[in-house]
Amino acid sequence: MTTILLLHGGGGPLTVAPLATHLSESHTVIAPTHPGWAGTERPASIDTIRALANYYLAMLARENLTDVILIGSSIGGWLAAEMAVADHAHRVAGLVIINGVGVDVPGETITNVTGLAPQELAKLSFHDPANFTPPPATPEVLAIMKGNQDSLLALTGDPYGYDPTLLSRLAGIHVPTLVLWGESDRVVSATYGRAYAAAIPDARFELIAEAGHLPYMESPAAVFAALDPFVA
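Residues numbered from 1 in each chain as written. Predicted model: local features only at pLDDT ≥ 70, side-chain atom pairs only at ≥ 80, totals over all residues. Heavy atoms only, no water.

Moving on: the pairing of strand β6 (residues 204-208). Strand direction decides the pairing type here: strand β5 (residues 177-182) and β6, joined by 5 bridges, are parallel. Within β6, the position partnered with Leu180 by the bridge is Glu206. (Pairing = 2+ DSSP bridges. Helix = DSSP H or I, 4+ residues; strand = E, 2+ residues; numbered from the N terminus.)

Turning our eyes to something else, we now look at the side chain of Asp185. Position of Asp185 among the secondary structure elements: in the loop between β5 and α7 (190-198). Here Asp185 sits buried without a salt bridge, and the closest side chain of opposite charge, Arg186, lies 7.1 Å off (N-O distance). Non-local contacts of Asp185, meaning those with residues more than four positions away in its chain, are made with Asn99, Leu124, Ala211, Gly212 and His213. (Buried < 20%, exposed > 50% of the residue type's maximum accessible area, 1.4 Å probe, protein only. Lys, Arg positive; Asp, Glu negative; His and termini not counted. Salt bridge = Lys/Arg side-chain N within 4 Å of Asp/Glu carboxyl O. Contact = heavy atoms within 4.5 Å.)

A few words on the environment of Phe132. Residue position: Phe132 is located in the loop between α4 (118-125) and α5 (139-156). According to the relative accessible area criterion, Phe132 is partly exposed, its value standing at 25%. Residues Phe132 and Ala117, 15 residues apart in the sequence, show an inter-C-alpha distance of 13 Å. Beyond its immediate stretch of four places on either side in the chain, Phe132 contacts Pro118, Ala122 and Phe126.

To continue, consider the pattern of salt bridges. Scanning the model with the defined rule gives 5 salt bridges in all. Arg50 is the partner of Asp163 in a salt bridge, and the nearest nitrogen-oxygen pair spans 3.2 Å. Remark: Arg50 occurs in helix α2 (residues 49-62) and Asp163 occurs in the loop between α5 and α6 (166-169); sequence separation between them is 113 residues. In this structure Arg50 comes out as partly exposed when scored by relative accessible area, which is 39%. Put simply, Lys146 and Asp150 hold a salt bridge, and the shortest N to O gap is 2.8 Å. Separated by 4 residues within a single helix, Lys146 and Asp150 lie in helix α5, roughly one turn from each other. Bridged by salt links that share partners, the residues Arg50, Glu82, Asp163 and Arg169 form one connected network.

For helix α9 (residues 220-231), spanning 12 residues, the distance from its first C-alpha to its last is 15 Å, which sits close to the expected 16 Å at 1.5 Å a residue. Taken together, the buried positions of α9 are occupied by Val223, Phe224, Ala226, Leu227 and Val231. (Expected span 1.5 Å × (residues − 1).)

Looking now at the packing of aromatic side chains. Within the structure shown, the criterion is met by 5 aromatic pairs. Grouping aromatic residues by their ring pairs yields a cluster made of Trp181, Tyr192 and Tyr196. (Phe/Tyr/Trp six-rings, centres within 6.5 Å; stacked < 30°, edge-to-face > 60°.)

Take unusual backbone geometry next. A cis amide bond links Asp158 with the next residue in sequence, Pro159, at an omega value of -5°. Following the sequence through the fold, Pro159 ends up in the loop between α5 and α6. The phi dihedral of Asn99 falls on the positive side, at around 45°, and the residue is not glycine. Positionally, Asn99 belongs in the loop between β4 (92-98) and α4. Relative accessible area serves as the criterion here: at 0%, Asn99 is assigned to the buried category.

This next bit is on the layout of surface pockets. In this model, the largest pocket occupies a volume close to 910 Å³. Forming the walls of the largest pocket are 39 residues, and the residues nearest its centre are Gly10, Gly11, Gly12, Thr15 and Leu121. Of all elements in the fold, only α4 and α5 reach the threshold of two or more residues within the lining of the largest pocket. The residue makeup of the lining of the largest pocket, split by class, is 23 nonpolar, 16 polar and no charged. For the second largest pocket, the calculated volume is near 160 Å³. Around the second largest pocket sit Ala84, Val85, Asp87, His88, His90, Val92, Gly172, Ile173, His174 and Val175, which together line it. (1 Å grid on protein atoms, 1.4 Å probe; cavity = no way out; pocket = protein on both sides within 12 Å on 5 of 7 lines; lining within 4 Å. Points joined across faces, edges and corners; volume = space filled by probe spheres on them. Nonpolar A, V, L, I, M, F, W, Y, C, P; charged D, E, K, R; others polar.)

What follows is the structure in structure tokens.
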């Protein structure tokens, strides 16, 4: 049975819940909460995405996990790419980036989503914002959302959303790679996604119609049609 490390984006672990549910039907899925998200503590040593990548690579070594497929959404895609580049122990067998950020593509912008209200974020993230149901604005939910955004900014804020060296380092990835992209993403465009895929040797790029930054929420059938054969 394939082991998958599923890495969530800035919105927290609930944003990849549909992927976890689907993939768990046939595979072993590890879906951790990043330190600093969902009310958890973040050690001071984890202050960049690259540091978080090393944290997860150490976890794979500690658990003696091999032949792992990394699947990352948004900043989780950035995190997965950093892990694949730095995987000198060859524990990673495959890589899936879903609307990832983390690289600097000339002429393309990464929309800063920190501090946005849920409704504003939905307009950027969804093909049809009506597909987004905001969480209840309870004090507990608002506190978690603020903690998530604080951690997002701490790890991705200077420069926002990318590591200036990552695009050139992607050439060091030598595992099968699939890049999935929601066509209507207004956080990072499909042009950005194509450049991301082009920088990884032999990566395959798949555009998902009528979907935004979280394409598996709006077009799950199309996402799973591309994802399932790759993982298998």
